Amino acid sequence: MTTLRAFTCDDLFRFNNINLDPLTETYGIPFYLQYLAHWPEYFIVAEAPGGELMGYSAAALMLYMFTVMGKAEGSVAREEWHGHVTALSVAPEFRRLGLAAKLMELLEEISEKKGGFFVDLFVRVSNQVAVNMYKQLGYSVYRTVLEYYSASSGEPDEDAYDMRKALSRDTEKKSVIPLPHPVRPEDIE
């Protein structure tokens, strides 16, 4: 049985199999520790019965497991207070089991409790498997962010979709009305 639990510092040394996926953004240890210190409720890990990490989503972490990692940010006055999915990744051997959907559900619940108007995330335009999964979970493309992801090996930078899902506080669903034009990374607040 899969166990969902709070991320711990020890997990930093157990989730390489998840982060080695070419579509997973990886960060330095100080970045993960910052999330753990500031938004521990958004850092969740899924663990297989044998103790392997399965995945994470900046609200969770994984190794033979999955994790999600996120944070709360924005302005309440401007109705922009929201949960943000920084990372969601599931180890290849644990995909298509509903783990990513469960992690996203947990992050959304936490964002609801914190009074968020919406949850957002960024995903590579080329990652159609993830884009379709997020759409199935109720997310829609809010805007395209040009050259958001840095490329390697001389390839051009890649665009991202900023996808959003309105929460119950956004009764008029203003937060998910798509922008008619793309933006650049420096235009993102």
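- An unreviewed UniProt entry annotates the chain as N-alpha-acetyltransferase 20 of Chaetops frenatus.
- In UniProt, the chain has this text filed under Subunit (unreviewed entry): "Component of the N-terminal acetyltransferase B (NatB) complex which is composed of NAA20 and NAA25."

Observations concerning helix H2 (residues 29-38)
- Of all the positions in H2, only Tyr32, Tyr35 and Leu36 are classed as buried. The buried residues of H2 all sit within an arc of 100° when viewed along its axis, so they share a single face. Residues of H2 that are exposed and point over 90 degrees away from its buried face: Pro30, Ala37 and His38.

Remarks on the packing of aromatic side chains
- Applying the stated criterion to the full structure yields four aromatic pairs.
- With 4.0 Å between their ring centres and 10° between their planes, phenylalanine 7 and phenylalanine 43 make a pair best called stacked. With phenylalanine 7 in the loop between strand S1 (3-6) and helix H1 (16-19) and phenylalanine 43 in strand S2 (residues 43-47), this residue pair connects regions lying 36 residues apart in the sequence.
- Aromatic pair phenylalanine 122 and tyrosine 148: ring centres 4.6 Å apart, planes at 15°, arrangement stacked. Of this pair, phenylalanine 122 sits in strand S6 (residues 118-124) while tyrosine 148 sits in strand S7 (residues 140-149), and the two are 26 residues apart along the sequence.
- Using a relative accessible area of 17% as the deciding quantity, one classes phenylalanine 122 as buried.
- Across from the ring centre of tyrosine 149, 4.3 Å away, lies the NZ or CZ of arginine 124, which sits over that ring.

Remarks on the nonpolar core
- Judged by nonpolar contacts, the single largest core of 34 residues is most densely connected at Leu121 and Tyr134.
- Elements with a contribution of two residues or more to this core: H2, S2, strand S5 (82-90), helix H3 (99-113), S6 and helix H4 (128-136).
- In this view, leucine 121 contacts His84, Val85, Met104, Tyr134, Tyr139, Tyr161, Asp162 and Met163; residues no more than four positions away in its chain are not counted.
- Among the nonpolar cores identified, the runner-up in size contains five residues, and Phe122, Val145, Ala160 and Val183 belong to it.

Thresholds, definitions, all that
Residues numbered from 1 in each chain as written. Predicted model: local features only at pLDDT ≥ 70, side-chain atom pairs only at ≥ 80, totals over all residues. Heavy atoms only, no water. UniProt positions renumbered as here; feature names shortened; annotations may be inferred. Buried < 20%, exposed > 50% of the residue type's maximum accessible area, 1.4 Å probe, protein only. Helix = DSSP H or I, 4+ residues; strand = E, 2+ residues; numbered from the N terminus. Arc of directions from axis to C-beta. Phe/Tyr/Trp six-rings, centres within 6.5 Å; stacked < 30°, edge-to-face > 60°. Lys NZ or Arg CZ within 6 Å of the ring centre and 35° of its normal. Core = buried A, V, L, I, M, F, W, Y, C linked by side-chain atoms within 4.5 Å. Contact = heavy atoms within 4.5 Å.

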